[in-house]
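Listed below are the residues making up each chain.
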Amino acid sequence: MLDVACGRGRHLRFFHERGHPVTGVDRDGSALATVRLALPEANLIEADLEHGPWPLAAQTFAGVIVTNYLWRALLPTLVQSVAPGGALIYETFALGNERFGKPSNPDFLLRPGELLAACANGPVPLRVIAYEDVTLDGPTRCVQRVAAVRE
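Computed from a predicted structure; not experimentally measured.

**Student:** Help me get a handle on the packing of aromatic side chains, residues and values and all.
**Tutor:** Counted under the stated rule, the structure contains one aromatic pair. Pairing F14 with F15 gives two aromatic rings, centres 5.1 Å apart and planes at 90°, and the pair type is edge-to-face. The aromatic ring of F14 is capped on one face by R18, whose charged end is 3.6 Å from the ring centroid.

Structure, rendered in structure tokens:
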């Protein structure tokens, strides 16, 4: 499992507890140090995904998970990182969220259908299993979510 912008490793812990090998990438070395204490077996990579090269070139994963992070230039790479038979789970903020708080910059808010397009038009198309473009309560926020598989 690959967790992109993994932060303090919430998803890494979840998948590790279920017996999956995990890899996490984040630019925050302090957050990764916290993960390293809890999950010494995890492959953790400190990298600035927005200003540096993709640190996992040519590697694929049974699962790729991304939450609360958007760097559009990386979308094709993330789709390509899903191994045959693997899955992508992606959820982040969408346009409309600016009404409720941060993030409010449109550079960091998905446009309508953007995750669907990334899955369909990527270097290796993924089949979408589930998709939502919704406004959620508690706290109120606008998000897009996709679960897709590489056949």
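**Student:** Report on the nonpolar core, specifying residues and quantitative values.
**Tutor:** The tendency in soluble globular proteins is for nonpolar side chains to be buried as a group. If you look at the biggest cluster of nonpolar residues, it comprises 29 residues, and the most contacted ones within it are L2, V4, L49, W54, V64, L88 and Y90. Of all the elements in the fold, those that place two or more residues in this core are β1 (2–4), β4 (61–67), α3 (75–80), β5 (82–93), α4 (114–121) and β7 (141–149). If near-sequence neighbours (up to four positions away) are discounted, L88 is found in contact with V64, V79, V82, C119, L126, V146, A147 and A148. The next biggest cluster of nonpolar side chains, apart from the first, holds eleven residues, and it includes C6, F15, V22 and I65.

**Student:** If you had to explain the pattern of salt bridges to someone new, which residues and values would you point to?
**Tutor:** One side chain can pair with another of opposite charge once the charged atoms of both are near each other. One pass over the structure, following the stated rule, counts six salt bridges. For R111, the salt bridge goes to E114, with nearest N and O atoms at 3.3 Å. For R111, a relative accessible area of 43% puts it in the partly exposed group. Via salt bridges that share partners, R72, R111 and E114 belong to a single interconnected network.

**Student:** I'd love a proper account of the environment of A47, names of residues and values included.
**Tutor:** On the secondary structure map, A47 appears in the loop between β3 (43–46) and β4. With sequence-adjacent residues up to four places away left out, A47 is seen in contact with V25, D26, R27 and P55.

Parameters at a glance
- Residues numbered from 1 in each chain as written.
- Predicted model: local features only at pLDDT ≥ 70, side-chain atom pairs only at ≥ 80, totals over all residues.
- Heavy atoms only, no water.
- Phe/Tyr/Trp six-rings, centres within 6.5 Å; stacked < 30°, edge-to-face > 60°.
- Lys NZ or Arg CZ within 6 Å of the ring centre and 35° of its normal.
- Core = buried A, V, L, I, M, F, W, Y, C linked by side-chain atoms within 4.5 Å.
- Buried < 20%, exposed > 50% of the residue type's maximum accessible area, 1.4 Å probe, protein only.
- Helix = DSSP H or I, 4+ residues; strand = E, 2+ residues; numbered from the N terminus.
- Contact = heavy atoms within 4.5 Å.
- Salt bridge = Lys/Arg side-chain N within 4 Å of Asp/Glu carboxyl O.

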